[in-house]
Amino acid sequence: KINERECDEIVKQIGEYVDNCGLLRKRSIGVISLVGEEQSRLIRGRLLDRVGPHKYKLHNILVGEPPSFQGAERDIVFLSMVCSPGSVVTQSQLMHAQRVNVALSRARDRMVLVRSIDLNHIPNEQDVKFSVLNFFECAKHISTEMDVDNDSRKLSCSVVF
C-alpha cells in the first residue's frame, strides 16, 4: 500500500530542510512507514531524486519500516501512517504495537507525523493508529500543525518538538 500525498509531503519537507540548512546544522533524518515496504521504497526513490545522493548521505537519511530502525535513532523522524480515508486496515495485534513503539522512540529531537486520516476514520479504538493519533492530539500544546488541502481532503502534519 502507498499514499502518494504523504510521500509528496515528506519529500517536500525534507527537501526544504536540507536545502536551507547550513553544513553546521546538518541533522540526521529518518522516515518510517507504518504500513508496508512499498511506501518506504516510494519515499526513498523520490527523496533521492529530490535531494541527491550527496545530501542523502550527509544527513544520514534512513527510510524504512520500524524493524529497520531497531537500535537506530535520528535527529528528525518523519512517520508516515500510509492509510487514507476509506482504506484503514485495523492493526491491533501485539506485533503492531511493538512496531509503533519502535517508530515513536527513534527521534532524538523532533517527530513529524504525516497522516491522511483523523481519529474518526479509525473504526476500532484498539487499533494502534488510534493511540498514535491520540498521542499527537494530546501533544498539541507543544506542537504546530499544518494542513495541506488537496482533492478536498486534508493532509495533516503534526510537528512535535
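Since the structure is predicted, the reported quantities are computational estimates derived from the model, not experimental observations.

## Focus: the confidence of the model for the protein
When pLDDT is low, close inspection of the predicted coordinates is not appropriate. Looking at the protein as a whole, its pLDDT mean stands at 83, while 85% of the residues score no less than 70. Of all secondary-structure elements in the protein, the lowest mean pLDDT belongs to strand 6 (residues 153-160), at 44, while strand 2 (residues 62-64) reaches the highest, 97. Taken together, the stretch residues 144-156 has pLDDT below 50 and engages in 37 contacts with residues farther than four places along the chain or on a different chain.

## Examining unusual backbone geometry
Phi is mostly negative for residues that are not glycine, and the peptide bonds are mostly trans. The phi angle at N60 is positive, at roughly 50°, despite the residue not being glycine. Tracing the chain through its elements places N60 in the loop between helix 2 (37-58) and strand 2. For N60, a relative accessible area of 42% puts it in the partly exposed group. The backbone phi angle of V82 is positive, close to 70°, even though this residue is not glycine. Structurally, V82 is set in the loop between strand 3 (74-80) and helix 3 (94-104).

## Here we look at the environment of H121
Considering the arrangement of structural elements, one finds H121 in the loop between strand 4 (107-115) and helix 4 (128-138). Remark: the alpha-carbon pair of H121 and C83, spanning 38 residues in sequence, is separated by 9.8 Å.

## Some words on empty space enclosed by the protein
On inspection of all chains with the given rule, the structure shows one cavity of 30 Å³ or more. Considering only enclosed or pocket space, the largest cavity measures out at about 40 Å³ in volume. Lining the largest cavity, in full, are L34, Q91, H96, R99, V100, V128 and K129. Elements with a contribution of two residues or more to the lining of the largest cavity: helix 3 and helix 4. Among the elements that take part in the lining of the largest cavity, helix 3 stands out by supplying three residues, more than any other. Grouping the amino acids of the lining of the largest cavity by side-chain chemistry returns three nonpolar, two polar and two charged.

## Quick look at the pairing of strand 4
For strand 3 and strand 4, the ladder comprises six bridges, and the chain directions are parallel. Bridge pairing in strand 4 links L79 to L113. Of the crossover connections in this fold, the one passing from strand 3 over helix 3 to the parallel strand 4 is right-handed.

## Digging into helix 3
Within helix 3, burial applies to H96, R99, V100, V102 and A103. Projected down its long axis, helix 3 shows its buried positions confined to an angular sector of 160°, all on one face. Residues of helix 3 that are exposed and point more than 90 degrees away from the buried face comprise L94 and N101. Summarising the contacts, the buried residues of helix 3 are in contact with strand 1 (29-33), strand 3, strand 4 and helix 4.

## Topic: the packing of aromatic side chains
Throughout the structure, instances matching the rule amount to one aromatic pair. Relative to F136, the ring of F135 lies with its centre 5.3 Å away and its plane at 90°, an arrangement referred to as edge-to-face. By relative accessible area, which is 45% here, F135 ends up partly exposed. Relative accessible area serves as the criterion here: at 3%, F136 is assigned to the buried category.

## Let's talk about the side chain of E6
Examined against the element boundaries, E6 turns out to sit in helix 1 (residues 4-20). Lacking a salt bridge, the buried E6 has R5 as its closest oppositely charged neighbour, with an N-O distance of 7.6 Å. For E6, the side chain forms a polar contact with the main-chain nitrogen of V82, separated by 2.8 Å.

Conventions we followed
Residues numbered from 1 in each chain as written. Predicted model: local features only at pLDDT ≥ 70, side-chain atom pairs only at ≥ 80, totals over all residues. Heavy atoms only, no water. pLDDT = per-residue confidence, 0-100. Helix = DSSP H or I, 4+ residues; strand = E, 2+ residues; numbered from the N terminus. Contact = heavy atoms within 4.5 Å. Buried < 20%, exposed > 50% of the residue type's maximum accessible area, 1.4 Å probe, protein only. 1 Å grid on protein atoms, 1.4 Å probe; cavity = no way out; pocket = protein on both sides within 12 Å on 5 of 7 lines; lining within 4 Å. Points joined across faces, edges and corners; volume = space filled by probe spheres on them. Nonpolar A, V, L, I, M, F, W, Y, C, P; charged D, E, K, R; others polar. Pairing = 2+ DSSP bridges. Right-handed = clockwise from strand over helix to strand, strands pointing away. Arc of directions from axis to C-beta. Phe/Tyr/Trp six-rings, centres within 6.5 Å; stacked < 30°, edge-to-face > 60°. Lys, Arg positive; Asp, Glu negative; His and termini not counted. Salt bridge = Lys/Arg side-chain N within 4 Å of Asp/Glu carboxyl O. Polar contact = N/O pair within 3.5 Å; in protein donor to acceptor, adjacent residues only side chain to side chain.

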